[in-house]
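Residues per chain are reported as follows:
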Amino acid sequence: MRFSSLRPVIWLSALTTLLQGAVAEPMLKSTSLNSCSANSQFTASLFNVVYTPNNNSAAVSVVATSSVEGFVNFDVTVVAYGYQIIQQTINPCDIGLQGLCPMTAGKIPLKFNFDVDPSAKELVPGIAFTFPDLDATVRVVLRNRDTKALVACVEADVSNGKTVNLLAVKWTLAVIAGIVLCSSAVLNGLGHSNAAAHIASGALSLFGFFQNQAIIGMMSVHLPPVVQSWTQDFQWTMGVISVDFLQDIFTWYQRATGGTPSTIFDSLTTVSVQVEKRALSMLPDMAVDLYRRSASLLPRASTELAKRGNVMTGSGSFIVYGIQRVAFRAGIETTNLFLTGLVFYCLLVTFTIIGIVAFKGFVELAAKQKWMKSDTFLEFRNGWLTILKGILFRLTLLGYPQMTVLCLWEFTQIDSPAEVVLAIFFLVGMTVTLGWAALKVVRIARRSVAMHRNPAYILFSDPHALNKWGFLYVQFRASAYYFVIPLLTYTFIKSLFVAFAQGKGNVQAIGLLLIEAGALIGVSVLRPWMDKSTNTFNISIASVNFINSIFILIFSDVFDQPAIVNGVIGLILFFLNAIFATVLLLMVLISTALVFYRKNPDGRYQFMADDRTSFMKSQSQLTGTTELDALAATARGDKAGGYYKPGLDLDDDNESISSDSMRRRTDSSRLSIPAGPPPGSQGSQYQSPSRSPVEASVPLFPASSNSNRSQSPYGPSSAAAMRSQNNSTPASFRAQNNASPWQRGAGYDH
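**Student:** What is the right way to read the overall build of the protein from this model?
**Tutor:** Helices and strands together make up the secondary structure of the protein, namely 26 helices and 12 strands. When burial is assessed residue by residue, the protein has 51% of its 750 residues classed as buried. Counting only contacts in the protein whose residues sit at least 6 apart along the sequence, the fraction spanning at least 24 positions is 72%. Total accessible area computed for the protein in this model is approximately 35,200 Å², and 62% of it derives from carbon and sulfur atoms.

Below is the structure:
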């Protein structure tokens with residue numbers, strides 16, 4: 001047949017088909033009958049037809065409303081991927097269709113089985129029964145047999161029951177993403193910060209690509225069936241997960257808070273739901289206008305549904321598109337979608353907290369019972385609260401695209417007053433939290449530049465700042481610490497178009513094209529990520545996102561192209577993204593596996609050009625501490641070998657190296673240091689101060705223009721030698737210099 005040009009595609013879809021069972025019975029089915037002309041005199045609110053070629057039979061269940069009387073002919077056209085393969089005229093009297101020869105006005109309920117001529121199987125190409133998510137349409141034009149006038153036009157989308165929207169694919173993607181993210185956390189806890197940063201960067205970029213795939217499915221433009229199913233595989237990244245008992249709870253909550261839940265799934269036995277396959281702008285009379293004219297005649301529940309954006313045709317069936325299409329295909333009522341995404345995000349945060357607390361208890365028990373070395377996970381054990389806060393910030397960043405889309409969309413739906421309040425709380429809370437954290441990073445980096453002429457110094461030398469705020473900048477080079485701000489802006493603007501432009505496919509498509517073009521240009525010019533390979537990885541993702549935005553613009557029919565173009569572009573989008581996603585998964589998995597295989601995971605990656613590794617402190621890699629280090633830790637109130645302070649940490653400025661107290665400690669003008677060595681001491685230690693902005697011997701004290709710099713108390717000389725040189729006791733020296741660790745920044749140093 002004419003499908004010979006598509007035969008190479010069959011081999012690429014073979015694995016997907018096998019996953020659905022090789023013994024599945026071939027069939028063709030349709031679940032909705034759509035009007036394709038204005039003022040159609042034949043409509044159907046329920047339409048289910050299944051054709052099984054093995055037994056040459058068809059089962060029909062139709063509830064139609066007809067105003068046509070007399071004898072008619074059916075002009076039948078079969079179109080697949082925009083290409084017309086069958087066109088013929090059928091006389092319903094010749095094939096014995098009851099109730100249609102002749103046609104009578106009124107409601108026509110039809111439910112029957114009939115035999116199909118075995119020769120009909122030869123007219124259908126074999127690919128129609130095997131290729132997943134078949135994009136085929138049967139259009140029937142009813143013409144008066146005598147006058148040849150068009151009296152009605154209906155069309156039905158045909159499926160073969162096979163799809164790439166598979167539960168196994170979703171679980172596989174989720175498990176891989178979770179394993180990679182957990183692997184980066186374990187490596188970081190073991191002290192391999194360089195390897196952990198690379199793996200975490202790859203995992204976050206991969207997860208972001210998955211979310212972009214899901215957002216494509218939420219666009220209200222025409223999407224071919226294979227694209228709809230492909231993007232549905234990634235909707236779990238947006239919290240769109242159907243659990244039956246949770247859906248019952250959400251419905252109860254909505255009723256209890258003054259909302260009216262939709263009941264589309266409860267009415268599927270009497271009403272068809274049309275999954276929108278063409279731009280709504282092409283259906284003004286068939287759907288939107290017909291709905292508006294009949295809205296006043298509908299019961300109150302139906303008008304409430306209308307306010308939430310559900311489009312109902314004059315025949316009583318619904319049309320779902322965009323975000324509603326995603327909810328319907330996931331088996332979720334459209335009025336439950338917001339709560340579904342919100343609750344699953346909260347569950348993710350809750351289980352993460354429980355997991356971190358449980359892991360903390362386990363490693364403490366393992367260290368106490370000598371099941372592992374005492375310095376294993378030492379950084380995590382000493383500063384686990386700060387690390388937990390950093391992980392929660394990371395989850396906020398991961399869930400930001402999901403929550404911005406759903407919260408903004410809820411403002412257009414108003415499912416219930418309580419849900420609107422939740423949407424405001426989470427949207428404002430997450431936006432303010434991430435914005436404040438981003439500004440905090442900018443402040444720390446600018447302070448580091450002012451003090452040390454290098455933004456990486458404080459950003460990576462302070463474990464408190466690194467573990468709490470590092471999620472915003474560790475994947476970028478030190479000089480691009482600010483890039484999280486454009487990233488958050490990109491996410492928010494994109495969410496605005498997706499949520500507020502539902503039903504306006506052209507606006508969404510053009511807006512997405514401009515956004516993705518700006519993102520691609522920005523990352524290609526700035527190259528903000530930590531090294532060349534990471535930049536290549538993310539620029540490739542941005543390139544594919546931009547290509548997808550071009551395809552979406554084509555699907556919006558803004559160019560008025562032939563239908564076959566949409567069919568071919570849909571296949572290209574599916575295979576391009578499927579291959580690219582597979583490559584990304586393999587790259588991340590192989591990279592993670594090689595890191596664990598190496599004895600020194602950090603050795604697999606070259607050191608960053610910003611010298612961040614020279615500033616990082618890793619307790620697990622320290623071979624020991626000196627007596628003075630222990631004394632300093634005791635004076636600071638730290639745990640053994642720790643860099644973390646106890647407390648609630650409500651004001652981060654009191655605990656970070658970037659605080660005012662630390663600035664006073666690092667400001668040499670506040671310290672009364674002797675102008676030179678005492679008589680009789682060796683003066684060579686006080687000669688030729690370093691011109692470097694940071695002295696390696698005293699990493700926390702910047703160089704000063706004061707040439708009479710005293711020797712660091714952490715230098716090679718002993719504490720007794722220092723006391724003899726200054727001819728004072730420790731108490732008198734501390735009183736003279738007011739350098740008590742617990743008095744600095746507390747009002748005693750004035």
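Alright, that's what it looks like, and here's the rest.
**Student:** I keep staring at the pairing of strand β9 (residues 150-158) and nothing clicks. Help me out?
**Tutor:** Burial analysis of β9 places 8 of its 9 residues in the buried class, the great majority of the element. As defined by bridge partners, strand β2 (residues 33-35) adjoins β9 across 3 bridges and the pair is classed as antiparallel. Across the sheet, the residue bridging to serine 35 is valine 154, located in β9. Here 8 bridges tie strand β8 (residues 136-144) to β9, and the two strands are oriented antiparallel to one another. Among the inter-strand pairings, leucine 142 is bridged to a residue of β9, identified as alanine 152. Adjacent in sequence and paired antiparallel, β8 and β9 are bridged by 5 residues, among which lysine 148 carries a positive phi angle near 65 degrees.

**Student:** What is the right way to read the pattern of salt bridges from this model?
**Tutor:** Close approach of charged atoms allows side chains of opposite charge to pair. In the structure shown here, the tally under the stated rule is 5 salt bridges. Ionic pairing is found between glutamate 155 and arginine 139, a salt bridge with its closest N-O pair at 2.9 Å. One end of the pair, glutamate 155, is in strand β9; the other, arginine 139, is in strand β8, with 16 residues separating them in the sequence. According to the relative accessible area criterion, glutamate 155 is buried, its value standing at 2%.

**Student:** Explain the sheet that holds strand β7 (residues 106-115) here, please?
**Tutor:** Overall, antiparallel pairing links the 4 strands, which are arranged β1-β3-β4-β7 in an open sheet. With one partner strand each, in any of the chains shown, β1 (28-30) and β7 form the two edges of the open sheet. The average undirected angle you get between the axes of adjacent strands in this sheet is 10 degrees.

**Student:** I tried to follow the environment of cysteine 407 on my own but got confused; where do I start?
**Tutor:** Within the secondary structure layout, cysteine 407 lies in helix α14 (residues 384-413). Residue classification places cysteine 407 among the buried residues on the basis of a relative accessible area of 0%. When near neighbours in sequence (up to four residues on either side) are disregarded, cysteine 407 contacts Phe338, Ala423, Phe426 and Leu427.

**Student:** What is the right way to look at the environment of alanine 256 in this model?
**Tutor:** Relative to the helices and strands, alanine 256 is located in helix α8 (residues 244-256). Along the chain, alanine 256 and alanine 418 lie 162 residues apart, while their C-alpha atoms are 9.5 Å from each other.

**Student:** So what exactly am I meant to see when it comes to the side chain of glutamate 333 here?
**Tutor:** Assignment of secondary structure puts glutamate 333 in the loop between α11 (323-329) and α12 (337-368). The charged side chain of glutamate 333 is buried without a salt bridge, its nearest counter-charge being arginine 255 at 8.7 Å. There is a polar contact of 3.2 Å between the side chain of glutamate 333 and the backbone nitrogen of isoleucine 264. Filtering out sequence-adjacent residues up to four positions away, glutamate 333 remains in contact with Gln247, Ser262, Thr263, Ile264, Phe265 and Asp266.

**Student:** What should I look at first to understand the sheet that holds β9 in this one?
**Tutor:** Strands in a sheet are paired, the pairing made by backbone hydrogen bonds, and the direction either parallel or antiparallel. Read from one edge of the open sheet, 5 strands run β2-β9-β8-β5-β6, paired in antiparallel fashion. Lying at the two open borders of the sheet, with one neighbouring strand each, are β2 and β6 (83-90). The sheet shows a mean angle of 25 degrees between the axes of neighbouring strands, direction not considered.

**Student:** I keep staring at the packing of α14 against helix α15 (residues 417-452) and nothing clicks. Help me out?
**Tutor:** Relative placement of two packed helices is described by the angle separating their axes and the distance separating the axes. One way to put it is that α14 packs onto α15 with a least axis distance of 9 Å and a crossing angle of 140 degrees. Regarding the angle of α14 to α15, the classification is oblique. For the pair α14 and α15, the sense of crossing is left-handed. In contact with Phe393, Thr396, Leu397, Gly399, Tyr400, Met403, Thr404, Cys407, Leu408, Glu410 and Phe411 of α14, α15 contributes Glu419, Val420, Ala423, Ile424, Phe426, Leu427, Met430, Thr431, Thr433, Leu434 and Ala437. A class-by-class count of the residues in the contact of α14 with α15 yields 15 nonpolar, 5 polar and 2 charged.

**Student:** Could you clarify how one ought to interpret the packing of helix α20 (residues 532-555) against helix α21 (residues 563-597) in this entry?
**Tutor:** Contact geometry of α20 with α21 gives a least axis separation of 10 Å together with a crossing angle of 165 degrees. Between α20 and α21, the crossing angle belongs to the class labelled roughly antiparallel. Like other packed secondary-structure pairs, α20 and α21 cross with a definite hand, here left-handed. In contact with Phe537, Ser540, Ile541, Val544, Ile547, Asn548, Phe551, Ile554 and Phe555 of α20, α21 contributes Val565, Asn566, Ile569, Gly570, Ile572, Leu573, Leu576, Asn577, Phe580, Leu584, Met587 and Val588.

**Student:** Could you clarify how one ought to interpret the state of the cysteines in this entry?
**Tutor:** Each disulfide consists of one covalent bond between the sulfur atoms belonging to two cysteines. Scanning the entire structure with this criterion turns up 0 disulfides. Cysteine 407 provides the cysteine sulfur closest to cysteine 346, a residue in no disulfide bond, and the two sulfurs are 9.9 Å apart. By relative accessible area, which is 29% here, cysteine 346 ends up partly exposed.

**Student:** Would you mind going over the nonpolar core with me for this structure?
**Tutor:** A general trend in soluble globular proteins is that nonpolar side chains are found buried together. By size, the foremost hydrophobic cluster in this structure holds 127 residues, and its most contacted members are Phe209, Phe210, Met218, Leu459, Phe460, Trp469 and Tyr473. Phe42, Val72, Val140 and Leu142 belong to the second-largest nonpolar core, a separate cluster that totals 21 residues.

**Student:** Whenever I open this one, the confidence of the model for the protein confuses me. Can you help?
**Tutor:** For any part of a model where pLDDT is low, the fine detail of the predicted coordinates should not be relied upon. In the predicted model, the protein carries a mean pLDDT of 75, and the fraction of residues at 70 or more is 70%. Predicted confidence is poor over residues 639-677, with pLDDT under 50, and the contacts of this stretch with residues over four places away or in other chains come to 87 contacts. Below a pLDDT of 50 lies the segment residues 679-750, which in the model reaches 81 contacts outside its immediate sequence neighbourhood of four places, other chains included.

**Student:** Honestly, the environment of histidine 464 in this entry has me stumped. Any pointers?
**Tutor:** Inspection of the secondary structure puts histidine 464 in helix α17 (residues 463-469). Here histidine 464 falls in the buried class, since its relative accessible area comes to 2%. Note: C-alpha distance between histidine 464 and glycine 383 (81 residues apart in sequence) is 8.1 Å.

**Student:** How should I be thinking about the packing of aromatic side chains in this particular structure?
**Tutor:** Remark: the centre distance and the inter-plane angle together describe each pair of aromatic rings, the angle taken between the planes. In total, this model carries 19 aromatic pairs according to the counting rule given. Here phenylalanine 209 and phenylalanine 210 contribute two aromatic rings whose centre-to-centre distance is 6.5 Å and whose plane-to-plane angle is 50 degrees, an arrangement assigned as tilted. Taken together through their ring pairs, the aromatic side chains of Phe207, Phe209, Phe210, Trp230, Phe234, Trp236, Phe574, Phe575 and Phe580 make up a single cluster.

Scoring rules and cut-offs
- Residues numbered from 1 in each chain as written.
- Predicted model: local features only at pLDDT ≥ 70, side-chain atom pairs only at ≥ 80, totals over all residues.
- Heavy atoms only, no water.
- Helix = DSSP H or I, 4+ residues; strand = E, 2+ residues; numbered from the N terminus.
- Buried < 20%, exposed > 50% of the residue type's maximum accessible area, 1.4 Å probe, protein only.
- Contact = heavy atoms within 4.5 Å.
- Areas by Shrake-Rupley, 256 points an atom, 1.4 Å probe, with all protein chains shown as cover.
- Pairing = 2+ DSSP bridges.
- Salt bridge = Lys/Arg side-chain N within 4 Å of Asp/Glu carboxyl O.
- Axes fitted to C-alpha atoms, helices over the stretch in contact; angles between N-to-C directions.
- Lys, Arg positive; Asp, Glu negative; His and termini not counted.
- Polar contact = N/O pair within 3.5 Å; in protein donor to acceptor, adjacent residues only side chain to side chain.
- Parallel < 35°, antiparallel > 145°, perpendicular 65-115°, else oblique.
- Left-handed = near helix turned anticlockwise from the far one by under 90°.
- Nonpolar A, V, L, I, M, F, W, Y, C, P; charged D, E, K, R; others polar.
- Disulfide = S-S within 2.5 Å.
- Core = buried A, V, L, I, M, F, W, Y, C linked by side-chain atoms within 4.5 Å.
- pLDDT = per-residue confidence, 0-100.
- Phe/Tyr/Trp six-rings, centres within 6.5 Å; stacked < 30°, edge-to-face > 60°.

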